[in-house]
Amino acid sequence: MLRPCRPQTHARARGTFAPDAGECVDGLVVEHVVSRSVRDTAAMLDATAGSVPGDPYWAPPGPDCWLIESAKAPKRLRIAISLQRLGGETLHPDCEQAVRHAAELCASLGHIVEEATPRLDLPLLVPAFVATWSANLAALVDTIAGFTGVTPRADLFEGLTWGIYEAGQRVSASEYLRAKNVLQAASRDVASFFATHDIWLTTTLGMPPIKLGTFDLEEQDVMKGFLPLFDYVPFTAFQNVTGQPAINLPLHWNADGLPIGVQFAGRFGDELTLLQLATQLEQAAPWMPRYACIKV
């Protein structure tokens, strides 16, 4: 049985208990969990959320107990939905239908739903993202090389990883800092969007789930290797950039029985609203019965 409580502090001296990793890639990645229920997601926050002395960035403090608070109904929310990609291209029909289905479900629960999308400058953001990501990957590889004494070489990596590593080696300090400024400007733009919207609803993937091996992970040209991946996940990377919390929920299945996930993003530091909405949606449209391996 899960204990509905949260440690009151995560501060620790070196060597005492606290998560040792989670945020990485210069803040582009903050790891959490893949769970089968919103309850489990909230419970993991009770176990891991918080900061430690010396952290360069601190998230706003959360509730005393994520598990208890996430079970409460959210206020009436203003939810923006995107029915096109950020560049204006149409979504795969299954993905559009998933967003529409989730929007209808939210409206039936009393929330305000309207079509709106944050302003994001893709021609600026994509190169800045790639520069930041590749520079951090190169730093990580070199750090591991320092620990192990093994010199990085191509035969130790997938082709795309090696290509990113080499690209990261070429990112200058000036290019890196300019890229960081671009990403921070995008964060400000998105923050203004969330001043008038509580939630941003999009598809999670750009198409239904694909088979392993579809992407050429041996492609060493970074843009050739990365662009198909950006196309497959047309919205998720922007939460990496701006720091908005987001949650993926399996609310829709296509004619082939494949789950078509939808992503709900919230304003910075407001994971609780996301969890409360997700709990409400899970109760209204439970997904557990879809999985034969799970006893309900």
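Check the entry above for the structure.
Remember, predicted model here, so these are calculated numbers, not experimental data.

Structural notes on helix α5 (residues 159–170)
So, step 1. Compared with the 16 Å implied by 1.5 Å per residue over 12 residues, the 17 Å span of α5 between its first and last C-alpha is a close match.
So, step 2. Along α5, the residues classified as buried are G159, L160, W162, G163, I164, Y165, A167 and G168.
So, step 3. Of the surrounding secondary structure, the elements contacted by the buried residues of α5 are α4 (122–148) and α7 (222–232).

What to know about the sheet that holds strand β6 (residues 246–249)
Two modes of strand pairing occur in sheets, parallel and antiparallel, and in both the strands are linked by backbone hydrogen bonds.
So, step 1. Read across the sheet, 5 strands follow the order β4-β3-β5-β7-β6 without closing on themselves; strand pairing throughout is mixed. The strands lining the two open edges of the sheet, one partner per strand, are β4 (112–115) and β6. Ignoring strand direction, the axes of neighbouring strands in this sheet form an average angle of 25 degrees.
So, step 2. Across 3 bridges, strand β3 (residues 78–81) lies against strand β5 (residues 199–203) in parallel orientation. Within the sheet, the bridge partner assigned to A80 lies in β5 and is W200.
So, step 3. In the packing of helix α9 (residues 271–284) onto the sheet, contacts are made with β3, β5, β6 and β7 (262–266), and the angle to β6 comes to roughly 15 degrees.

Focus: the pairing of β7
So, step 1. For β7, the tally of buried residues reaches 5 of 5 residues, placing the bulk of the element in the interior.
So, step 2. Side chains of β7 alternate between two faces, with V262, F264 and G266 and Q263 and A265 buried alike.
So, step 3. Pairing of β6 with β7, which is carried by 4 bridges, proceeds in the antiparallel orientation. Across the sheet, the residue bridging to N248 is Q263, located in β7.

Observations concerning the pairing of β3
So, step 1. Relative to β4, β3 runs parallel, the two sharing 4 bridges. Its bridge partner being in β4, I79 is matched across the sheet by V113.

Points about the packing of aromatic side chains
So, step 1. Inspection of the entire model under this criterion finds 9 aromatic pairs.
So, step 2. With a centroid separation of 5.5 Å and an interplanar angle of 20 degrees, the aromatic rings of F129 and W133 are classed as stacked. Of this pair, F129 and W133 both sit in helix α4, separated by 4 residues, roughly a single helical turn.
So, step 3. Here the aromatic residues F129, W133, F226 and F230 are joined through ring pairs into a cluster of three or more.
So, step 4. Looking at R290, its charged tip hangs above the ring of W253, at a distance of 4.3 Å from the centre.

Focus on the environment of R78
So, step 1. Looking at where R78 falls in the secondary structure, it is placed in strand β3.
So, step 2. Overall, R78 belongs to the partly exposed group, its relative accessible area being 31%.
So, step 3. A distance of 3.2 Å separates the side chain of R78 from the side chain of E114, its partner in a polar contact.

Some remarks on the pattern of salt bridges
So, step 1. What the rule picks out here adds up to 9 salt bridges.
So, step 2. Between D155 and R153 there is a salt bridge, with its nearest N and O atoms 2.7 Å apart.

Quick notes on the nonpolar core
Most often, soluble globular proteins keep nonpolar side chains buried together rather than apart.
So, step 1. Among the nonpolar cores identified, the biggest contains 74 residues, and W200, L201, L251 and F264 are the most heavily contacted of them.
So, step 2. Ranked by the residues each element gives to this core, the list is headed by α4, at 10 residues.
So, step 3. Leave out the neighbours within four places in its chain, and L201 touches I79, A80, I81, S82, V99, A102, A103, V262, Q263 and F264.

Notes on α9
So, step 1. An ideal rise of 1.5 Å per residue puts 20 Å on 14 residues; α9 measures up with 20 Å between its terminal C-alpha atoms.
So, step 2. The buried count for α9 comes to 11 of 14 residues, which makes it a mostly enclosed element.

Thoughts on the state of the cysteines
So, step 1. Scanning all chains against the criterion turns up 0 disulfides.
So, step 2. C106 supplies the cysteine sulfur nearest to C95, a cysteine that is in no disulfide, at a spacing of 17 Å.
So, step 3. Of the residues examined, C106 reaches a relative accessible area of 0% and is grouped as buried.

Reading guide: rules and limits
Residues numbered from 1 in each chain as written. Predicted model: local features only at pLDDT ≥ 70, side-chain atom pairs only at ≥ 80, totals over all residues. Heavy atoms only, no water. Helix = DSSP H or I, 4+ residues; strand = E, 2+ residues; numbered from the N terminus. Expected span 1.5 Å × (residues − 1). Buried < 20%, exposed > 50% of the residue type's maximum accessible area, 1.4 Å probe, protein only. Contact = heavy atoms within 4.5 Å. Pairing = 2+ DSSP bridges. Axes fitted to C-alpha atoms, helices over the stretch in contact; angles between N-to-C directions. Phe/Tyr/Trp six-rings, centres within 6.5 Å; stacked < 30°, edge-to-face > 60°. Lys NZ or Arg CZ within 6 Å of the ring centre and 35° of its normal. Polar contact = N/O pair within 3.5 Å; in protein donor to acceptor, adjacent residues only side chain to side chain. Salt bridge = Lys/Arg side-chain N within 4 Å of Asp/Glu carboxyl O. Core = buried A, V, L, I, M, F, W, Y, C linked by side-chain atoms within 4.5 Å. Disulfide = S-S within 2.5 Å.

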